[in-house]
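Residues per chain, in single letters:
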Amino acid sequence: MTAIRCPICDTFVNADGEAALTVMLREHLSSAHNLRPSSDVLSSKETLPHSPQLWEEMKRGSVPPREGGEVGEDVSESILCPLCGDRFFGHDGEDLTQHLIAHFQDDHGIKTRGRSLTLVR
Ligand SMILES: [Zn+2]
Ligand SMILES: [Zn+2]
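Residues numbered from 1 in each chain as written. Chains lettered and ligands numbered in written order. Predicted model: local features only at pLDDT ≥ 70, side-chain atom pairs only at ≥ 80, totals over all residues.

**A closer look at the overall build of the protein**
And then number 1: Within the protein one finds four helices and four strands.
And then number 2: Considering the protein as a whole, with its 121 residues, one finds that 24% of them fall into the buried category.
And then number 3: In the protein, the share of contacts with a sequence separation of at least 24, taken over all contacts with a separation of at least 6, comes to 40%. (Helix = DSSP H or I, 4+ residues; strand = E, 2+ residues; numbered from the N terminus. Buried ≥ 20, exposed ≤ 12 C-beta atoms within 10 Å, placed from the backbone. Contact = placed C-beta atoms within 7 Å.)

**Some thoughts on the nonpolar core**
And then number 1: In this structure, Ile 4, Leu 25, Ile 79 and Leu 100 are the most contacted members of the largest nonpolar core, which totals 14 residues.
And then number 2: Broken down by secondary-structure element, the contributors of at least two residues to this core are helix H1 (18–33), strand E3 (77–80) and helix H4 (93–108).
And then number 3: In terms of residue count, the dominant contributor to this core is H4 (four residues).
And then number 4: Setting aside residues up to four positions removed in sequence, Leu 100 forms contacts with Pro 7, Cys 81 and Phe 88. (Core = buried A, V, L, I, M, F, W, Y, C linked by C-beta atoms within 7 Å.)

**A look at H4**
And then number 1: Along H4, the positions that sit buried rather than exposed are Gly 93, Leu 96, Thr 97, His 99, Leu 100, Ile 101 and Phe 104.
And then number 2: Those residues of H4 that are buried are in contact with strand E1 (2–5), E3 and strand E4 (87–90).
And then number 3: One or two steps after H4, the chain reaches Gly 109, where phi turns positive at roughly 65°.

**Quick look at H1**
And then number 1: Look at H1: 21 Å from first C-alpha to last across 16 residues, which is about the 22 Å you get at 1.5 Å a residue.
And then number 2: Downstream of H1 by a residue or two, Asn 34 has a phi angle that is positive, lying close to 60°. (Expected span 1.5 Å × (residues − 1).)

**A few points about the environment of Phe 104**
And then number 1: Within the secondary structure, Phe 104 sits in helix H4.
And then number 2: Judged by the 20 C-beta atoms lying within 10 Å of it, Phe 104 is buried.
And then number 3: Separated by 96 residues in sequence, Phe 104 and Ile 8 place their C-alpha atoms 8.6 Å apart.
And then number 4: Non-local contacts of Phe 104, meaning those with residues more than four positions away in its chain, are made with Pro 7, Ile 110 and Thr 112.

Next up, the structure:
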């Protein structure tokens, strides 16, 4: 289970895995902030299984995971921007939240509560 915060209002959104997180956040953005994506990013983008090992391999650009190979940096969480489908990686939900806040501000011009919030864990 991963907990992220809405980049706009700080509401917690909990879900398990990339697709579920994206859907939950999209639902929240739609109902709470009236933000609707122009198209369904989930139907146009293949979502990935929740697999830390796989993330690690993909991040390095190598292909098949080596059995028994050590997992380095733990970047096991991901989410798609519900508005445009950009994918973000993080080692936990708070990490993803920070990426989303920056992305919403810079790429979508959406006013967020800012990046200086004390991390809540
Ligand atoms: Zn919100
Ligand atoms: Zn986006």
